[in-house]
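# Summary of the model geometry
Spelled out from the first residue to the last, the chains are:
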Amino acid sequence: MQTTVKILKRPFTSTLFAILCGLLVAGIILIVSGYDPIAALGALFRGIFSRPKYIFKVIEKSTPIILTGISVAFAFKTGLFNMGAEGQYIIGSVASMIVGVKLNLPPVIQIPMVILAGMLAGAIYGGLVGILKARFGIHEVITGIMFNWIAFYLCNFVVDSQIFHKPNTMRSLSINESGFTTLFYKWKNSKEGIEYLKHNKWLSDILLKTDVNIGIIVAIVVAIIVWFLLYKTTIGYGIRAVGLNSKAAEFAGIGVKRNIMAAMTISGAICGLAAALTITGTSPHAIFKLGMFENVGFNGLFVALIAHTSPIACILSGLFFGGLSYGGNALQMDLGVPSEIISITMGSILFFVSLTDVVPMLADRLAKRGNKNAK
């Protein structure tokens, strides 16, 4: 009995419960809409795992939302809701593109410069939200949303400018090739590479049909660093103390305002890193004129909530989200299932995540009944 109660109280159990409930809701909607839920689940899994290309496409799609999820999770630890992650991601994309187009240095210099530009832009944008919160008490959700729109229209302005606009398109110029972090980019486009890949279908399916890049490795490293910072350093202790009880933290001599600004700056930098790695790692290595938000930052909120704001769990949560998003294409192609079904599934999972306290409550009741029966 005690073992069962302990398992039910774990965050993993609550998350699994939310995922299963979300899938159940999606299954009911599929049945009502006249689709076979078993066939839909099979199509979803085939769209993720049936080819090496699909697996690496899921990883490619998941990488930026893993990083924005880590960013949001980090801000949560200070008691902040980083609704500005989308704007920080966009502004990081703009800065990375500008530096990548204007500079053409050797890769060993060019790549760090482009990535640092994105991180710096995201850090400044997030830091501004932190300053407004710490100095003037303006809620970060309000400023974050307003900053999202500023970044949105600034992106469109830059794309349309004569300096960066690519003629006859809706996007900017691509960054210089020396800034690419796509793996084996030159080799796979060379005669030798093409000839070799002709005789290796598995490898050609990965390298020629996906943009395999260093992003996922960086995301995993960032998750570990953030976890270490939060739980193994005095800085992390201060950040978590402010998030748990800001008044008690201030009474204990911890600088609340300083930690708020630091948390939002670091959170913004991680969003900028996600943007920079997208620009350097995936085609066409440019930014587009936005008709709507890209949702990379907003999806990071979903990832962080599914992960219970754990930086390490954001890796699995982001891969799960990316798998649903990419695998959902197979539902449309194979069965004609509307894409809205995937959105409903994700929304349902997020709804049940907000009810995660229900599972521990059930565990407590189960424990009480066990104690009564024991007596």
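Analysis parameters
Residues numbered from 1 in each chain as written. Predicted model: local features only at pLDDT ≥ 70, side-chain atom pairs only at ≥ 80, totals over all residues. Heavy atoms only, no water. Patch = residues over 30% accessible without salt bridge, like charges linked within 9 Å, V, L, I, M, F, W, Y side chains within 5 Å. Areas by Shrake-Rupley, 256 points an atom, 1.4 Å probe, with all protein chains shown as cover. Salt bridge = Lys/Arg side-chain N within 4 Å of Asp/Glu carboxyl O. Helix = DSSP H or I, 4+ residues; strand = E, 2+ residues; numbered from the N terminus. Buried < 20%, exposed > 50% of the residue type's maximum accessible area, 1.4 Å probe, protein only. Expected span 1.5 Å × (residues − 1). Contact = heavy atoms within 4.5 Å. pLDDT = per-residue confidence, 0-100. Polar contact = N/O pair within 3.5 Å; in protein donor to acceptor, adjacent residues only side chain to side chain. Disulfide = S-S within 2.5 Å.

So, about a nonpolar patch on the surface. The grouping of Leu120, Ile124, Leu128, Ile131, Phe136, Ile138, Ile142 and Met146 at the surface amounts to a nonpolar patch, some 780 Å² of accessible area in total. When contributions to the nonpolar patch are tallied by element, the ones reaching two or more residues are helix H6 (107–136) and helix H7 (140–160). For Phe136, the location among the structural elements is in helix H6. Exposure remark for Phe136: the relative accessible area of 61% places this residue in the exposed category.

Every α-helix winds through 3.6 residues per turn, so residues three or four apart in the chain are directed the same way. Across its 21 residues, H7 extends 30 Å between first and last C-alpha, which sits within 8% of the 30 Å expected from 1.5 Å per residue. Those residues of H7 lying buried are Glu140, Thr143, Gly144, Phe147, Asn148, Ala151, Phe152, Cys155, Asn156, Val158 and Val159. Buried-residue contacts for H7 involve helix H5 (85–102), H6 and helix H15 (296–306).

Before going further, it helps to spend a moment on the environment of Gly268. When you line up the elements, Gly268 lands in helix H14 (residues 256–281). According to the relative accessible area criterion, Gly268 is buried, its value standing at 0%. Discounting residues that sit within four places of it in the chain, Gly268 has contacts with Ser71, Gln88, Gly122, Ala123 and Gly126.

Moving on, we come to H6. Here H6 is 30 residues long and its end C-alpha atoms lie 43 Å apart, about the 44 Å a rise of 1.5 Å per residue gives. After H6 finishes, the residue Gly137 shows a positive phi value of roughly 70 degrees.

Attention now goes to the environment of Ile342. As for its position among the elements, Ile342 is in helix H17 (residues 340–353). The exposure class assigned to Ile342 is buried, which follows from its relative accessible area of 10%. A C-alpha to C-alpha distance of 9.3 Å links Ile342 and Asn329, two positions 13 residues apart in sequence. Discounting chain neighbours no more than four positions away, the residues touching Ile342 are Leu324, Gly328 and Leu331.

A word on the side chain of Thr309. Relative to the elements of secondary structure, Thr309 occurs in the loop between H15 and helix H16 (313–335). Here Thr309 falls in the buried class, since its relative accessible area comes to 16%. The contacts of Thr309, once residues within four sequence positions are left out, are Ala73, Phe76, Lys77 and Ala304.

This part takes up the confidence of the model for the protein. For the protein, per-residue confidence averages 86 on the pLDDT scale, and 91% of positions sit at 70 or higher. Model confidence for the protein, summarised as mean pLDDT per element, is weakest for helix H1 (residues 2–9) at 57 and strongest for H5 at 96.

Attention now goes to unusual backbone geometry. Cis geometry is found at the peptide bond from Ser283 to Pro284, where omega equals 5 degrees. Relative to the assigned elements, Pro284 resides in the loop between H14 and H15. Here Asn295, not a glycine, exhibits a phi torsion of approximately 75 degrees, which is positive. The topology assignment puts Asn295 in the loop between H14 and H15. Residue classification places Asn295 among the partly exposed positions, given a relative accessible area of 27%. Phi is positive for His308, close to 55 degrees, though the residue is something other than glycine. With respect to the helices, strands and loops of the structure, His308 is situated in the loop between H15 and H16. On the basis of relative accessible area, His308 is assigned to the partly exposed category, the value being 29%.

Along the chain, Thr68 falls in helix H4 (residues 52–76). Of the residues examined, Thr68 reaches a relative accessible area of 0% and is grouped as buried. Within polar-contact distance, the side chain of Thr68 engages the backbone oxygen of Ile65 at 3.2 Å. Once you skip the residues sitting within four places of it in the chain, Thr68 turns out to touch Tyr89, Cys271, Ala274, Val296, Gly297 and Gly300.

Using the criterion set out here, one finds 0 disulfides in the structure. The thiol of Cys155 is not disulfide-bonded; the next cysteine sulfur, from Cys271, is found 15 Å away. For Cys155, a relative accessible area of 4% gives the class buried. Not part of a disulfide, Cys314 finds its nearest cysteine sulfur in Cys271, a span of 11 Å. Of the residues examined, Cys314 reaches a relative accessible area of 0% and is grouped as buried.

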